[in-house]
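This is what each chain is made of:
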Amino acid sequence: MTAREPTRGPHATVVSEYDFEYYDETIDRHIGFRRVSLERDLGRLHAWLGSDHVKPYWDLDEPLPEFRETLREKLADDHQTLYIGCLDHVPMSYWERYWAAEDDLAAYYDAEPADQGLHVLIGPPEYLGEGYATPLFRAMMALQFSHPETDRVVGEPDARNEAVLTVAERCGCERRRQFEFPEEEKTATLIVCPRERFEREVWPPTATAEGADARPPEVSDDD
């Protein structure tokens, strides 16, 4: 499922910093997800979360010392894994991959132990509206479904965020219902993608299938 550089020689070892990487021919770009590092990523995440296009959906526009502690707590929270999403090896997005049964979301639907959820934001504004959100979103879902016991990916985007909901649908997610989510201070839409549908209709992507999709342009904000 991943596309790593081949080894050279019988004893060569290639070490990739990515937990998942994939060359997506639909956008002619390499996609990679690596783990967040407090020291390496603190500054970039603080800047992204203070961006005008991010603030309406993420309540994490904090002073840097406070955000350092917030990020430290997130990294120590073993119900989730934090990733930097890279495009052609350039950091440009932030992802939270979480176990839904151990999340606040579990109180609002019939969670299975291996259900996984995700949160995402696109950082630098020059990446918005360029058609990257759907390839990135489905690559993260492919990473999640690489866990053999995960049969559903779920999410709870802000119900106002039609752009993210449209991207999720392109990746095989179904809108189930809206609900009040006080822990996240929002009205959310529950989305669910079954493994069978993802593997039948979405993954692996092909340029032909992507070209047949005539729906409107990409996500322009975050959730």
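Position numbers for residues start from 1 in each chain and track the written sequence from start to end. Local features in this predicted model are restricted to residues of pLDDT 70 or higher, and side-chain atom pairs are both shown and tallied only at a pLDDT of 80 or more, whereas totals for entire chains, interfaces and linings draw on every residue. Note that water and hydrogens are dropped before the side-chain values are worked out from all heavy atoms of the structure.

1. Some thoughts on the pairing of strand S4 (residues 90–99)
Partly exposed describes any residue whose relative accessible area lies between the buried limit of under 20% and the exposed limit of over 50%, with all areas from a 1.4 Å probe on protein chains only and scaled to the type maximum. Only DSSP runs of H or I reaching four residues or more are called helices, and only runs of E reaching two or more are called strands; each is numbered from the N terminus. When you tally the buried positions in S4, you get seven out of 10 residues, the bulk of the element. Two strands are said to pair when DSSP picks up at least two bridges between them. Direction of pairing for strand S3 (residues 80–87) relative to S4: antiparallel, over a ladder of eight bridges. Along S4, the bridge assignment pairs Ile84 with Tyr94. Remark: two residues form the turn of the hairpin made by S3 and S4, two consecutive strands paired antiparallel; Asp88 in that turn has positive phi of roughly 50°.

2. What about the confidence of the model for the protein?
Where the model shows low pLDDT, its predicted coordinates should not be examined in detail. Across the protein, the average pLDDT comes to 89, with 86% of residues at 70 or higher. pLDDT expresses how confident the predictor is about each individual residue, on a scale running from 0 to 100. Note on contacts: a residue pair qualifies if any of its non-hydrogen atoms lie within 4.5 Å across the two residues. Note that pLDDT drops below 50 for residues 1–10; the model gives that stretch 18 contacts with residues more than four away or on any other chain. Predicted confidence for residues 214–222 stays below pLDDT 50, and this span has 34 contacts to residues more than four positions away or in other chains.

3. Focus: the packing of aromatic side chains
Geometry of aromatic contacts follows a simple scheme: Phe, Tyr and Trp rings, the Trp one being its six-membered ring, pair when their centres are within 6.5 Å, and the pair is stacked under 30 degrees between planes, edge-to-face over 60, tilted otherwise. All told, the structure shown has 12 aromatic pairs when counted by the stated rule. With a centroid separation of 6.1 Å and 55° between ring planes, the pair formed by Tyr127 and Tyr132 is classed as tilted. We classify Tyr127 as buried; its relative accessible area is 16%. Here the aromatic rings of Phe179 and Phe181 are separated by 5.4 Å at their centres, their planes lie at 45°, and the arrangement is tilted. Note on Phe181: relative accessible area 0%, which makes it buried. Taken together, the aromatic side chains of Phe20, Tyr22, Phe33, Trp95, Phe137, Phe145, Phe198 and Trp203 make up a single cluster linked through ring pairs.

4. Structural notes on the pairing of S3
Within S3, seven of the eight residues are buried, which leaves it mostly tucked inside the rest of the structure. Here five bridges tie strand S2 (residues 29–35) to S3, and the two strands are oriented antiparallel to one another. Paired with Arg34 across the two strands is Ile84, which belongs to S3.

5. Some details on a negative patch on the surface
The residues that make up patches have over 30% relative accessible area and no salt bridge, and they are joined within 9 Å when like-charged or within 5 Å when they are Val, Leu, Ile, Met, Phe, Trp or Tyr. Only the protein chains shown count as cover for residues, and the accessible areas themselves come from Shrake-Rupley with a 1.4 Å probe. Salt bridges are counted wherever a side-chain nitrogen of Lys or Arg sits within 4 Å of a carboxyl oxygen of Asp or Glu. For the charge count, each Lys or Arg is scored as positive and each Asp or Glu as negative, with His and the chain ends excluded. Here the site of a charge means NZ on Lys, CZ on Arg, CG on Asp, or CD on Glu. A grouping of Asp59, Asp104, Glu183, Glu184 and Glu185 is seen on the molecular surface, where their side chains present a negatively charged patch. Of note, Asp104 is situated in the loop between S4 and strand S5 (116–122).

6. A short note on helix H5 (residues 195–202)
Turning to H5, its buried residues number three or more, namely Arg195, Phe198 and Val202. Along H5, the residues classed as buried sweep out an arc of 85° about the axis, all on the same side. Where H5 is buried, its residues contact helix H3 (133–145), helix H4 (162–170) and strand S8 (186–194). What the arc measures is the spread of directions leading from the helix axis to the C-beta atoms.

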